[in-house]
Amino acid sequence: MYEVPALTYSFDALQPHIDSTTMQIHHDKHHAAYVSKLNAALEGHEGLQSKSVEALLRDIDSVPEAIRGAVRNHGGGHANHSLFWSVMGPGGGGAPSGDLASAINAAFGSFENFQERFSGAAAGQFGSGWGWLVATESGLEVIARPNQDSPLMEGKTPLLGVDVWEHAYYLHYQNRRPEYLKAWWNTVQWDTVAERLKQG
Ligand code: MN
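Reading the values: rules and limits
- Residues numbered from 1 in each chain as written.
- Predicted model: local features only at pLDDT ≥ 70, side-chain atom pairs only at ≥ 80, totals over all residues.
- Heavy atoms only, no water.
- Phe/Tyr/Trp six-rings, centres within 6.5 Å; stacked < 30°, edge-to-face > 60°.
- Buried < 20%, exposed > 50% of the residue type's maximum accessible area, 1.4 Å probe, protein only.
- Donors = N, O, S within 2.8 Å, 3.2 Å for Na, K, Ca; no water.
- Helix = DSSP H or I, 4+ residues; strand = E, 2+ residues; numbered from the N terminus.
- Domains from an automatic or database assignment.
- Contact = heavy atoms within 4.5 Å.
- Buried area = accessible area lost by both parts, 1.4 Å probe.

A. Local environment of the packing of aromatic side chains. Counted under the stated rule, the structure contains 15 aromatic pairs. Ring plane angle 40 degrees and centroid distance 5.3 Å describe the contact between phenylalanine 108 and phenylalanine 114, whose orientation is recorded as tilted. Residue classification places phenylalanine 108 among the buried residues on the basis of a relative accessible area of 8%. The buried category is assigned to phenylalanine 114, whose relative accessible area is 0%.

B. Layout of the coordination of the manganese ion. Every protein donor of the manganese ion is listed here as His26 (NE2), His81 (NE2), Asp163 (OD) and His167 (NE2), and their distances to the metal cover 2.0 to 2.1 Å. One chain supplies every donor to the manganese ion, and in sequence these donors are spaced H-x54-H-x81-D-x3-H. Residue histidine 26 is found in helix α1 (residues 20-41), and its partner aspartate 163 is found in strand β3 (residues 157-163); the two are separated by 137 residues along the sequence. The burial state of histidine 26 is the same as that of aspartate 163; both residues are buried.

C. Fine view of unusual backbone geometry. Cis peptide bonds are those with omega within 30 degrees of zero, and the linkage from glutamine 15 to proline 16 qualifies with 5 degrees. Assignment of secondary structure puts proline 16 in the segment before α1. Of note in this structure, asparagine 147 is not a glycine but carries a positive phi near 55 degrees. By relative accessible area, which is 38% here, asparagine 147 ends up partly exposed.

D. Examining the domain arrangement of the protein chain more closely. Per the domain assignment, the segments of the protein chain are domain 1 (20-86) and domain 2 (98-199). Here the C-alpha centroids of domain 1 and domain 2 sit 20 Å apart. Listed per partner, the contact involves 19 residues of domain 1 and 20 residues of domain 2. Together, the buried faces of domain 1 and domain 2 total about 1700 Å²; carbon and sulfur atoms form 62% of this surface.

Given below as structure tokens:
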């Protein structure tokens, strides 16, 4: 059985950037629904249940066709949100350092260029989806993907992701997705992102 990971900070810890009610509903209702639907889809598939959700997504083609769509959507939702909570936190923001800063500079020229590309991709995602910084064999990339599609399904390793489904920002920002994105940068925990790069 997959489980929603507990937040390591309180629901109000990301204010004023992300409001407490949004965090509570997002974590306790939206993420919980992905997990319970993933568990329901995998009922009776003991071999698959023993894999991590990341391993399920990396090898999505080996999931039986009858439940592949459910694993893609709900497994993707579980993996994406688990990453999302972990790369945010109180006292976040600023800029990365060390190897991560070097990799970002190599791929995008500068941190400012990277931020612009990332925010642009996330703001421009039509409808629901995510903006991502991913590691590939040839370096770092910024991509946007619809729904709960995980970069893991394409062999890319997600390092940083921002949820641009309306449920992530609508209570406080309504239709102002770019304003949410601008505030969201202040929550990013660069040490966690750097650790993800190190682990590959
Ligand atoms: Mn979400």
